[in-house]
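# Chains, contacts and geometry: an overview
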Amino acid sequence: NINILQRIWIFIIGTVKPNMLTQVSVAIGFCIWLYLFSWHLLTFITLSLMGTLDKATELDAAFNRIGSKYQMLLPGNITTYLWVHSLVQLIVFGVALVGLILIWRQKKIGFLLYIFSNAATYVVTFLILNMSYMWNELSIIDFVLLLAVTLYFTLGYFLFYKGK
């Protein structure tokens, strides 16, 4: 007798286990995904709930002081840009998670979804917040983790699926 959570789990990951290399690769990719996703989720929740704080205007002013030194591409409130950026990143990371699930299920499209969504995180940050923000406010560890896992899965795609 299978409960609803088990049915959802089976629906997501399937009933066939992939080989050990795929299992380890997806597990590591998921850990990195979870780390990066959590930052955007926390930012999104914080900015969404900031209006409920007693000192919201002071916090907003502090964000704008920081944002003004990066000369945003569009004029306005940096908290709005950060909120939009976080929302878009959550969507992009959702696509990356679907990619990881499909890699687990040994589907070629999973590699492409994962690789392109990882690349999209950089493009989105550049387009919404600009390059100086990227270089000054984002951790080098985040860059290295995302680049390493993207290159790893790109290599996997070319080794296992390029000729097929």
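Residues numbered from 1 in each chain as written. Predicted model: local features only at pLDDT ≥ 70, side-chain atom pairs only at ≥ 80, totals over all residues. Heavy atoms only, no water.

What follows deals with the overall build of the protein chain. For the protein chain, the helix and strand inventory stands at 7 helices and 0 strands. Listing each helix as α and each strand as β along the protein chain from the N terminus yields α-α-α-α-α-α-α. Overall, the protein chain is about 55 × 40 × 20 Å in size when its C-alpha atoms are taken along their principal axes. When contacts within the protein chain are restricted to residue pairs at least 6 apart in sequence, those whose partners lie at least 24 apart make up 71%. Accessible area for the protein chain stands at about 10400 Å²; split by element, carbon and sulfur atoms hold 73% of it. Taken as two groups, the 10 positive and 5 negative side-chain charges of the protein chain have centres that lie 28 Å from each other. (Helix = DSSP H or I, 4+ residues; strand = E, 2+ residues; numbered from the N terminus. Contact = heavy atoms within 4.5 Å. Areas by Shrake-Rupley, 256 points an atom, 1.4 Å probe, with all protein chains shown as cover. Lys, Arg positive; Asp, Glu negative; His and termini not counted. Charge placed at Lys NZ, Arg CZ, Asp CG, Glu CD.)

Take the nonpolar core next. Counting 21 residues, the largest nonpolar core has Trp33, Leu100, Ile103, Phe111, Tyr114, Val149 and Phe153 as the members making the most contacts within it. For this core, the secondary-structure elements that each account for two or more residues are helix H2 (20-49), helix H4 (78-104), helix H5 (108-129) and helix H7 (140-160). Not counting chain neighbours up to four residues away, the residues in contact with Phe111 comprise Ile103, Phe153, Gly156, Tyr157 and Tyr161. The next biggest cluster of nonpolar side chains, apart from the first, holds 10 residues, and it includes Ile78, Tyr81, Leu129 and Tyr133. (Core = buried A, V, L, I, M, F, W, Y, C linked by side-chain atoms within 4.5 Å. Buried < 20%, exposed > 50% of the residue type's maximum accessible area, 1.4 Å probe, protein only.)

Okay, the layout of surface pockets next. Space inside the largest pocket adds up to approximately 570 Å³. Taken together, 24 residues make up the lining of the largest pocket; nearest its centre are His40, Tyr133, Glu137, Leu138 and Asp142. Secondary-structure elements contributing two or more residues to the lining of the largest pocket are H2, helix H3 (56-68), H4, H5, helix H6 (131-137) and H7. The greatest single-element share of the lining of the largest pocket, amounting to 6 residues, is contributed by H4. Classifying every residue of the lining of the largest pocket gives 14 nonpolar, 8 polar and 2 charged. (1 Å grid on protein atoms, 1.4 Å probe; cavity = no way out; pocket = protein on both sides within 12 Å on 5 of 7 lines; lining within 4 Å. Points joined across faces, edges and corners; volume = space filled by probe spheres on them. Nonpolar A, V, L, I, M, F, W, Y, C, P; charged D, E, K, R; others polar.)

To continue, consider a nonpolar patch on the surface. On the surface, a cluster of nonpolar side chains totalling about 600 Å² of accessible area is made up of Tyr35, Trp39, Leu42, Ile140, Ile141 and Val144. For the nonpolar patch, the secondary-structure elements that each account for two or more residues are H2 and H7. In this fold, Val144 is placed in helix H7. Assessed through its relative accessible area of 47%, Val144 is described here as partly exposed. (Patch = residues over 30% accessible without salt bridge, like charges linked within 9 Å, V, L, I, M, F, W, Y side chains within 5 Å. Salt bridge = Lys/Arg side-chain N within 4 Å of Asp/Glu carboxyl O.)

Here we take up the confidence of the model for the protein chain. On average, residues of the protein chain score 88 in pLDDT, and 94% of them are at 70 or above. Predicted confidence in the protein chain is weakest over H3, with a mean pLDDT of 78, and strongest over H2, with 94. (pLDDT = per-residue confidence, 0-100.)

Moving on: the packing of H3 against H4. When two helices pack together, their arrangement is given by the angle between their axes and by how far apart the axes lie. Closest axis-to-axis distance for the H3/H4 pair is 8 Å, and the angle between their directions is 85 degrees. Taken together, the axes of H3 and H4 lie roughly perpendicular to each other. Mapping the contact onto sequence places Asp60, Phe63, Asn64 and Gly67 in H3 and Ile78, Thr79 and Leu82 in H4. In terms of residue class, the contact of H3 with H4 is made up of 3 nonpolar, 3 polar and 1 charged. (Axes fitted to C-alpha atoms, helices over the stretch in contact; angles between N-to-C directions. Parallel < 35°, antiparallel > 145°, perpendicular 65-115°, else oblique.)

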